[in-house]
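So you can see what is in the structure, the chains are spelled out below.
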Amino acid sequence: MKLFRGYLQNKFVELVENNVKVVFLGDPSPIARDISAQMKRLELATKDNDGLTLNIALNYGGRDEIVRAAQKFGMDSVANKIIPKDLTSEKFERYLDTGGQTNPDLIIRTAGEHRISNFLLWQIAYSEL
């Protein structure tokens, strides 16, 4: 995590200036508070950038992401922000870590791998491998 902490500090300005939108995928709760705070600052500073989107998966698993999305939907349902019977695939996608992004068309696995390894399970349903 020392390397990651340093990267967040050293690349912050460069990412902002180069119009890169940074999105962190995964559950940040077990990550050290100072790193988590830096991640939030970077996401906030780049949220309106419209160039390249850089997704950084940290403590990420596709199944966990779907569970977190279902939990967020449940909380919105309890708060009467959405009616469960109105849920569609498109509305559910907004609750995923990649909400608002387009799904990938192509997945390239290095080293000749032929499996998806719990990565972006929802998002790659129709991607070419």
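Just above, that's the structure.
Residues numbered from 1 in each chain as written. Predicted model: local features only at pLDDT ≥ 70, side-chain atom pairs only at ≥ 80, totals over all residues. Heavy atoms only, no water.

### Overview of the overall build of the protein
- Along its length, the protein carries four helices and two strands.
- Its helices and strands in sequence order give the protein the pattern α-β-α-β-α-α, from N to C terminus.
- Pairs at least 24 apart in sequence give 68% of the contacts found in the protein among residues at least 6 apart.
- Counting every atom, the protein has about 9,000 Å² of accessible surface; 54% of that belongs to carbon and sulfur.
- Here the protein contributes 17 positive and 17 negative side-chain charges, whose respective centroids are spaced 7 Å apart. (Helix = DSSP H or I, 4+ residues; strand = E, 2+ residues; numbered from the N terminus. Contact = heavy atoms within 4.5 Å. Areas by Shrake-Rupley, 256 points an atom, 1.4 Å probe, with all protein chains shown as cover. Lys, Arg positive; Asp, Glu negative; His and termini not counted. Charge placed at Lys NZ, Arg CZ, Asp CG, Glu CD.)

### Side note on the side chain of Asn49
- Along the chain, Asn49 turns up in the loop between α2 (33-46) and β2 (53-57).
- In this structure Asn49 comes out as buried when scored by relative accessible area, which is 15%.
- Beyond its immediate sequence surroundings of up to four residues, Asn49 is in contact with Leu15, Val16, Asn19, Val20 and Lys21. (Buried < 20%, exposed > 50% of the residue type's maximum accessible area, 1.4 Å probe, protein only.)

### Remarks on the environment of Gly62
- For Gly62, the location among the structural elements is in helix α3 (residues 62-78).
- Sequence spacing of Gly62 and Trp122 is 60 residues, and the spatial spacing of their C-alpha atoms is 7.4 Å.
- Those residues in contact with Gly62, other than ones at most four positions away along the chain, are Asn118 and Leu121.

### A look at the packing of aromatic side chains
- Throughout the structure, instances matching the rule amount to four aromatic pairs.
- With centroids separated by 5.7 Å and ring planes inclined at 75 degrees, the aromatic side chains of Tyr60 and Phe119 adopt a geometry described as edge-to-face. Remark: Phe119 occurs in the segment after α4 (89-93) and Tyr60 occurs in the loop between β2 and α3; sequence separation between them is 59 residues. (Phe/Tyr/Trp six-rings, centres within 6.5 Å; stacked < 30°, edge-to-face > 60°.)

### Considering α3
- The end-to-end C-alpha distance of α3 is 24 Å, a good match for the 24 Å that 17 residues give at a rise of 1.5 Å each.
- Where α3 is concerned, the buried positions are Gly62, Glu65, Arg68, Ala69, Phe73, Asp76 and Ser77.
- Summarising the contacts, the buried residues of α3 are in contact with α4. (Expected span 1.5 Å × (residues − 1).)

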